[in-house]
2 protein chains.
Amino acid sequence: MEMVLAAAANCTGALSSNHPKTFLKSRRSSLQMRACRSGPDAPLAVSSAAAPEEPRPVRLGIMGCGSIARKVARSMLLVPAADVAAVASRSEGKARLFAADNGLRSGTRIHGSYEALLDDPDVDAVYMPLPTSLHVKWATAAAERGKHLLLEKPTAPCAADLEPILAACEANGVQFMDSTMWMHHPRTAKMRQLVADQDTIGDVRFINTMVSFLANEDFLQNDIRVKPDLDGLGVLGDIGWYCIRGILWAVDYELPKNVVALHHPVKNQAGVLLACGASLYWADGKVATFHCSFLTNLTMDLTVVGTNGTIHVTDLVIPYEEKSAPFSVASKTNFAELSTGWDPHPSKHVVTTDLPQEGLMVQEFCRLVQGIRDAGVKPEGKWPGITRKTQIVVDAVKASIDNGFESVDVAS
Amino acid sequence: MEMVLAAAANCTGALSSNHPKTFLKSRRSSLQMRACRSGPDAPLAVSSAAAPEEPRPVRLGIMGCGSIARKVARSMLLVPAADVAAVASRSEGKARLFAADNGLRSGTRIHGSYEALLDDPDVDAVYMPLPTSLHVKWATAAAERGKHLLLEKPTAPCAADLEPILAACEANGVQFMDSTMWMHHPRTAKMRQLVADQDTIGDVRFINTMVSFLANEDFLQNDIRVKPDLDGLGVLGDIGWYCIRGILWAVDYELPKNVVALHHPVKNQAGVLLACGASLYWADGKVATFHCSFLTNLTMDLTVVGTNGTIHVTDLVIPYEEKSAPFSVASKTNFAELSTGWDPHPSKHVVTTDLPQEGLMVQEFCRLVQGIRDAGVKPEGKWPGITRKTQIVVDAVKASIDNGFESVDVAS
């Protein structure tokens, strides 16, 4: 329970003044943030001064040094429960450069192969931002060595390939979590409360998500997300993942009954998707649509329309600013007299957080790992369950695109 | 040209101080507004003091006294170029009550039948908010008597039925315009500039519209929009019309190549649509989706996503407030360093107007009628052209719903 309070306090700061221990964690977090700027080994010095009742930090290994790893590594340095113990790349030089560039502490172990990282006995958990085609091999291997797993999305090339990963995690009692960072933003929790509130939103009937960014020529030629042998799902696996997750989130993870892809998907010459979309249907009549693209301006919309209310968020995946995130709610909206306006107007909300959403994700992951490692708690089944459902819907959309936009039943 | 300036000034007030004539019009407009409150015959007194070079107001007949007629009648009283000369209902008592309830001047002629209104030689133009199933008969009859026609949407039960109406207007040299009021809001013009601006939005690639309101039990049982013999298109003809118009507007009225309805349309026991949607496809790869519903909270979204930018408006059809209307634009949006935010943030815009959008619609309609009546100008072909395209797409969506969500080619 204390951990939960502490987590909440790190998100919003609301509890700091009443909880001395929480304040200590927050203070330590901000010290670490400053330490990152002044020198790579400062965090260790702070760490040794931690309150004795704090659980030991989770010793994390970063396995792969892509650009997304930089952002997540930065957030790990902000989380007291996380210690970046090791980093691995296929070349030791690249791993060493990554450690130096990203302010990792001087004692961070540098591994020149993924195998070496997995053999490192002083690594509790692995963050794995490798290309998706490598996930089955390496994520399974990590779980089999007893490493807890924070896995970048898309988690596998298809749902069938995800199963051995999840099975290995379950068999080895390690925590699995995918790296969908916005799930951990306190805005998401706040919106969840409202979506679940019959009085505010009522029954959710329609959902729309649109996520895109304008990839430059270098991305479209060279990024792993346009390469069939690396991230073969292309835009569908990358930001389509967020669209589908957002939709599933809005319906509390009830799988749709069937899925129909939108026409006119855009593919590159290698057949990798650069833009696509779909409509999703539930047995009770709920409908959702989404569209994702590497070919249009940055857009990150989620709209949830219920019988009683509507929620709009336009920066779902990456908030406009790291420390505050807006959304708006229209509820029980009538027309003004003679339909000359709205009554009431939608209300605007802003949710603040001290830690960036990647930090909150790392914090939650570490909290679960600490429970398993130090207190014999079982792995949290919610996270692999949500990942599996997301991957199942990705599969269905891909199948509908491949079969000429016919309806595809979703296996549950 | 003066008319254009005056129209602009009435929208925004921006030109008032430099244009005495414009100021006079604005002043008269606000006098009329006050006159409505103090007594029904005040506007005539003001009218006799109008500057001599002003064209005579258009003598309007309101044909049908439904609830939407109240809103449009109110706006007519705010427009100097409009004079509500007559009102008709199937019963004289109902027409008389409407005139009294809505502050029409004491000299307004009351007709107990639609025929009588069309026979009234002192009526230049007719505003017709009759149930859609009556449009073919009465709109055609109006045009054949030389009455200019402001016709409520949906303009016909199907595109084929619209043709005799448009043909009659053309044959008789009268102006046709449908009553899609938000088309005339200065916000729409401002957004049009941006959508057309390659630098700001670039090529439009994806559009989404969602329009809904939660109809109450009385509406769902008794409103003409749920009756197969009155407005048989149901939600598709009512607010789906706005969705489709918004999409066509965003692509500068280029018809899509094909249309596929969303699954799970909701119908009442009589088979009238209460909720539905579709995806639309253009030959060049543009995609649009829409959803409309009588069964969810008030929602009025239009999102236009281009290569360079994205426009969001969330109160498209009826702005939150009558006198100001917001929208936001994200353009050339990059990620902040390490993808920790957006750079730049979307910009927010507010467009103000003195006249409500229905007033601007009436003003534009009257301007066109005055040109035809007083200066031999030809009817503006833009408006019937846009109406025809909207009705064609409505047809295609309806056909796709009826054929089990198969793709329907759009006849151009």
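Residues numbered from 1 in each chain as written. Chains lettered and ligands numbered in written order. Predicted model: local features only at pLDDT ≥ 70, side-chain atom pairs only at ≥ 80, totals over all residues. Heavy atoms only, no water.

**Q** Explanation requested: the pattern of salt bridges in the structure shown.
**A** Side chains that differ in charge, positive against negative, can pair when their charged atoms come close. All names here are of chain A. This model, assessed by the stated rule, comprises 50 salt bridges over all chains. Across the salt bridge formed by Arg373 and Asp124, the nearest N and O atoms sit 2.9 Å from each other. Highlighted residues: Arg373 in helix 13 (residues 357–375) and Asp124 in the loop between helix 6 (114–119) and strand 4 (125–128), separated in sequence by 249 residues. Arg373 gets classed as partly exposed once you look at its relative accessible area, which sits at 23%. Residue Asp124 is classed as buried on the basis of its relative accessible area of 9%. Through salt bridges that share partners, Arg56, Arg59, Asp122, Asp124, Arg373 and Asp374 make up one connected network. (Salt bridge = Lys/Arg side-chain N within 4 Å of Asp/Glu carboxyl O. Helix = DSSP H or I, 4+ residues; strand = E, 2+ residues; numbered from the N terminus. Buried < 20%, exposed > 50% of the residue type's maximum accessible area, 1.4 Å probe, protein only.)

**Q** Honestly, the pairing of strand 11 (residues 287–293) of chain A in this entry has me stumped. Any pointers?
**A** A regular strand carries its side chains on alternate faces of the sheet. All names here are of chain A. Among the 7 residues in strand 11, 7 count as buried, and that is most of the element. Residues Val287, Thr289, His291 and Ser293 of strand 11 are buried on one face, and the alternating residues Ala288, Phe290 and Cys292, pointing to the opposite face, are buried as well. Pairing of strand 7 (residues 204–214) with strand 11 involves 7 bridges; the strand directions are parallel. By the bridge assignment, Ile207 is partnered in strand 11 with Ala288. Inspection of the sheet shows strand 10 (residues 273–281) paired to strand 11 by 7 bridges, in the antiparallel sense. Within strand 11, the position partnered with Gly277 by the bridge is His291. (Pairing = 2+ DSSP bridges.)

**Q** Explain the environment of Ile311(A) to me, please; I cannot follow it from the model alone.
**A** All names here are of chain A. Inspection of the secondary structure puts Ile311 in strand 13 (residues 309–313). Taking C-alpha positions, Ile311 is 9.6 Å from Ile207, a pair spaced 104 residues apart along the chain. Setting aside anything within four residues of it in sequence, one finds Ile311 in contact with Met191, Leu194, Val195, Ile201, Leu302, Thr303, Val304, Phe327, Ser328 and Val329. (Contact = heavy atoms within 4.5 Å.)

**Q** Explain the side chain of His148(B) to me, please; I cannot follow it from the model alone.
**A** All names here are of chain B. Of note, His148 is situated in strand 5 (residues 148–151). Taking the relative accessible area as the measure of exposure, His148 reaches 6% and is therefore buried. Within the structure, His148 has its side chain in polar contact with the backbone nitrogen of Gln175 (distance 2.8 Å). When sequence neighbours within four positions are dropped, the list of residues in contact with His148 reads Asp124, Ala125, Val126, Gly173, Val174, Gln175, Phe365, Val369 and Ile372. (Polar contact = N/O pair within 3.5 Å; in protein donor to acceptor, adjacent residues only side chain to side chain.)

**Q** Please explain helix 9 (residues 186–195) of chain B as it appears in this structure.
**A** Given 3.6 residues to a turn, an α-helix orients residues that are three or four positions apart in the same direction. Along helix 9 of chain B, 7 of the 10 residues are buried, which leaves the element largely enclosed by surrounding structure. Here helix 9 of chain B has its buried residues at Pro186(B), Arg187(B), Thr188(B), Met191(B), Arg192(B), Leu194(B) and Val195(B).

**Q** Sorry, what's going on with the relation of the copies chain A and chain B here?
**A** One copy of the chain maps onto the other through a rotation about an axis plus a displacement along that axis. Mapping chain A onto chain B leaves a residual RMSD of 0.0 Å; the transformation is a rotation of 180° accompanied by 0.0 Å of translation along its axis. Taken together, the rotation and translation describe the operation of a two-fold axis. Among all residues of chain A, the minimum C-alpha distance to the rotation axis is found for Thr289(A), at 3.9 Å. Both copies share a contact surface, since 100% of the interface residues of chain A are interface residues in chain B too. (Least-squares fit on C-alpha atoms with pLDDT ≥ 70 in both.)

**Q** Is there a simple way to explain the interface of chain A and chain B in this structure?
**A** Often, the extent of an interface is quoted as the loss of accessible area upon association of its parts. Taken residue by residue, the interface counts 60 residues in chain A and 60 residues in chain B. Counting the surface lost from both chain A and chain B, the interface buries some 4900 Å², and carbon and sulfur atoms represent 67% of this. The tally of links between chain A and chain B comes to 2 salt bridges. Here Arg70(A) makes a salt bridge to Glu337(B), at a shortest N to O gap of 3.8 Å. Between the two partners, chain A and chain B, sit 26 residue pairs in polar contact (both at pLDDT 80 or more). A per-element tally of the side of chain A that touches chain B places strand 12 (residues 295–306) of chain A first, with 10 residues. Grouping the constituent residues of the side of chain A that touches chain B by class yields 21 nonpolar, 28 polar and 11 charged. (Buried area = accessible area lost by both parts, 1.4 Å probe. Nonpolar A, V, L, I, M, F, W, Y, C, P; charged D, E, K, R; others polar.)

**Q** Is there a simple way to think about helix 8 (residues 159–171) of chain A in this case?
**A** All names here are of chain A. The terminal C-alpha atoms of helix 8 lie 18 Å apart, and with 13 residues this matches the ideal 18 Å at 1.5 Å per residue to within 8%. Against helix 7 (135–144), strand 5 (148–151), strand 6 (176–178) and helix 14 (382–402) lie the buried residues of helix 8. One or two steps after helix 8, the chain reaches Gly173, where phi turns positive at roughly 65°. (Expected span 1.5 Å × (residues − 1).)

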